[in-house]
Each structure stands twice: as structure tokens, then as C-alpha cells.
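Fold and contact review
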Amino acid sequence: MTGKIVGAFFGFLLLRNIIGALIGLYIGHLFDAAIKRLTNKQNVEEWLTSDDSKQAIFFYTTFSVMGHVAKASGNVTAEDIQTANEFMTQMHLSGEQVAEAKEAFNEGKSLGFPIKKKINLFKQYFGKRQDLCQFFIEIQIQIAYSDSILEPAEYELLLNIANQLGFTKRHLGQLIVIWEAELRFQNYKRDQQQKNRRYERRYAGSNSNSNSQNKQQGRQQGTNSASPSISDAYALLGVSDKESVQEIKRAYKRLMSKNHPDKLVSKGLPPEMMEVAKQKTQDIQSAYELIKKERGF
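These remarks concern the structure in this document. (Residues numbered from 1 in each chain as written. Predicted model: local features only at pLDDT ≥ 70, side-chain atom pairs only at ≥ 80, totals over all residues. Heavy atoms only, no water.)

Counting across every chain of the model gives ten aromatic pairs. Ring geometry for phenylalanine 59 against phenylalanine 63: centres 5.1 Å apart, planes inclined by 50°, an arrangement best described as tilted. In this pair, phenylalanine 59 and phenylalanine 63 both sit in helix α3 (residues 51-71), four residues apart, roughly one turn of the helix. Across the pair, phenylalanine 63 and phenylalanine 59 agree in class, each one buried. Taken together through their ring pairs, the aromatic side chains of Phe58, Phe122, Tyr125, Phe126 and Phe136 make up a single cluster. (Phe/Tyr/Trp six-rings, centres within 6.5 Å; stacked < 30°, edge-to-face > 60°. Helix = DSSP H or I, 4+ residues; strand = E, 2+ residues; numbered from the N terminus. Buried < 20%, exposed > 50% of the residue type's maximum accessible area, 1.4 Å probe, protein only.)

For the rest of this paragraph, the subject is the packing of helix α7 (residues 130-144) against helix α8 (residues 152-164). For any two helices packed against each other, one specifies the crossing angle of their axes together with the interaxial distance. Axis separation between α7 and α8 bottoms out at 11 Å; the angle between their running directions is 175°. Regarding the angle of α7 to α8, the classification is roughly antiparallel. Packed against α7, whose contacting residues are Phe136, Ile137, Gln140, Ile141 and Ala144, the element α8 presents Glu154, Leu158, Ile161 and Ala162 at the interface. Within the contact of α7 with α8, the residues separate by chemical class into seven nonpolar, one polar and one charged. (Axes fitted to C-alpha atoms, helices over the stretch in contact; angles between N-to-C directions. Parallel < 35°, antiparallel > 145°, perpendicular 65-115°, else oblique. Contact = heavy atoms within 4.5 Å. Nonpolar A, V, L, I, M, F, W, Y, C, P; charged D, E, K, R; others polar.)

Turning to the environment of lysine 109, a few remarks are in order. As for its placement among the helices and strands, lysine 109 is situated in the loop between α5 (95-108) and α6 (115-126). Distance from lysine 109 to glycine 67, taken between C-alpha atoms, is 4.7 Å for residues 42 residues apart in sequence. Filtering out sequence-adjacent residues up to four positions away, lysine 109 remains in contact with Gly67, His68, Lys71 and Val76.

Here we come to the pattern of salt bridges. If you walk through the whole model with that rule in mind, you get five salt bridges. Aspartate 232 is paired through a salt bridge with arginine 184; the nearest N and O atoms lie 2.8 Å apart. With aspartate 232 in helix α11 (residues 230-237) and arginine 184 in helix α9 (residues 169-202), this pair connects stretches of sequence that are 48 residues apart. You can call aspartate 232 buried: its relative accessible area is 8%. Here arginine 184 falls in the partly exposed class, since its relative accessible area comes to 41%. Through salt bridges with shared partners, a single ionic network connects Glu138, Glu182 and Lys280. (Salt bridge = Lys/Arg side-chain N within 4 Å of Asp/Glu carboxyl O.)

Right, here's the structure in full:
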């Protein structure tokens, strides 16, 4: 608007008629438009380099690629949707964020989803952050395993994503082995929590000795499901049973540092995904405690 006013004023002064004013007005309009484009461009560039934009890209890409992985085997199953919903619940998303996550998931499972383009954009922002790229791949492995079976088409897609982010086939294989072990830790923990809640409800309000004894017996009976093996613990820490105690301790400390939620958020992980990162560190701790008990250190 300022350019139009100034342009019209000087145009009238130069030509001393309305034609000069109109010419000046048009030149002023072009000036205002150029300033607006420059300002908008600066605002866009500022946003694209901000932490908010990085976290938004991580968030949207994660859920859209989750949808694409879920669709890779042909159909999105009820287990796929349940896993995605559990993931959203774990993140404590707001109603608006849940809607955004679902929109991204649906985009990912749509025909013609530009997976390479999406991963390339993700790589532009996070390609130098191997820990965040690995975290991203681990999430996609989780959705692929939602039905406990890794289909060939799902594996091929995971491999393409991993390669595009600079991970080898061997590295992807290691991440899959780690997730399989971690999944057994999570399932066992969830199973025990559910059983304990059932027994708590069953014996709630009872203070008699006989019922207390029955409660204890019930809990003991409720823990008969298969627990994670020592092999799972070694796999989760990425070590073998041949490693020394010092090497195991170093591996544990390295994993805890690498997966520390605050550190990941500072590098661009959306704060909403902190709970997912916390679950990872809890699983690492459980595996480490199992090894400590087994090895006696």
C-alpha cells in the first residue's frame, strides 16, 4: 500500500496529470508485490529452518510412511490400525494432533504415495542424524510387525527406506532382530500388568489372611507365561554372551545415551514422541538387568 501511495504521488508530480498518477500507482503496486514476496520468502525460509518445522516434518513423515508400510502387503489390517492408534495414545496427542496423524497415515496408504520423495525430504533435515534416522526406521519396523509377521513386501519396503537413509541390509537385519527381542520384553511386561490388574480387582476390598494368601498364589500362577530369554536381552543390547562385563556395560551406557529422550528431542524429535523413546530406554534397562542377574555383576 505504501508503494502505491508514494508511486502515485511522484507520478503526479512528474507528469502533472492523472496519467502520471496512474503510472506511479502501478509502479508502486509492483513495488508492494515485490516486498510482499520477499517478506513471505523470508518467513518461509525462517520457518523451514526452525525446530518447529523439523518436528512437524518428522511427525507427518513418520505417520504417512507408517500408512505406506501398513499397505505394503496389500491391505491395511485391523492390527495395523490398532498399532497406529496405540502409538498415538502413547504419545498423548491432542484431538487436533490425532486428526493430523490419521490424515498422514491415510495419505501414506493411498495409491501413488511418493515414498521416495517423502524420504528424501526427511533425509534433507535428518540425514546427518543417524540416531533419529534409526529411530524413524524402528517405528516403521514396529508397524510392519503389527500382525507379528514380516511380509516379504514389507521387508522390501523397509530395506528401500533404510538404504535411502544410508543404512545397509545388514544394519536393517540387526534392527529387526533387536525389535523382535524388544517386542518380547514389551509383550511380557504388558501381560504381567494385565494379570496383576485382574487379580487386584478380583481380591480388592478383602483383608482376610486366607484371601491374601489366595491373592499371592493367584499372582504366582499369573506369571507362568513365557518371559524374555537371556538371548533376547543380549540381542536387545546388541552384544553376545561372549562379551566381557565391561563391554556389556559400555554397550548399555552407549544405548542409553543414544536413546535418551531429551537428547533426541533436542536434535529434532517431536516432544510428543518422548514417550516412545522412554519405552525404548525402559526395554534397554530391563534387558540389562536380566543380563546382570544372569552374569552376577
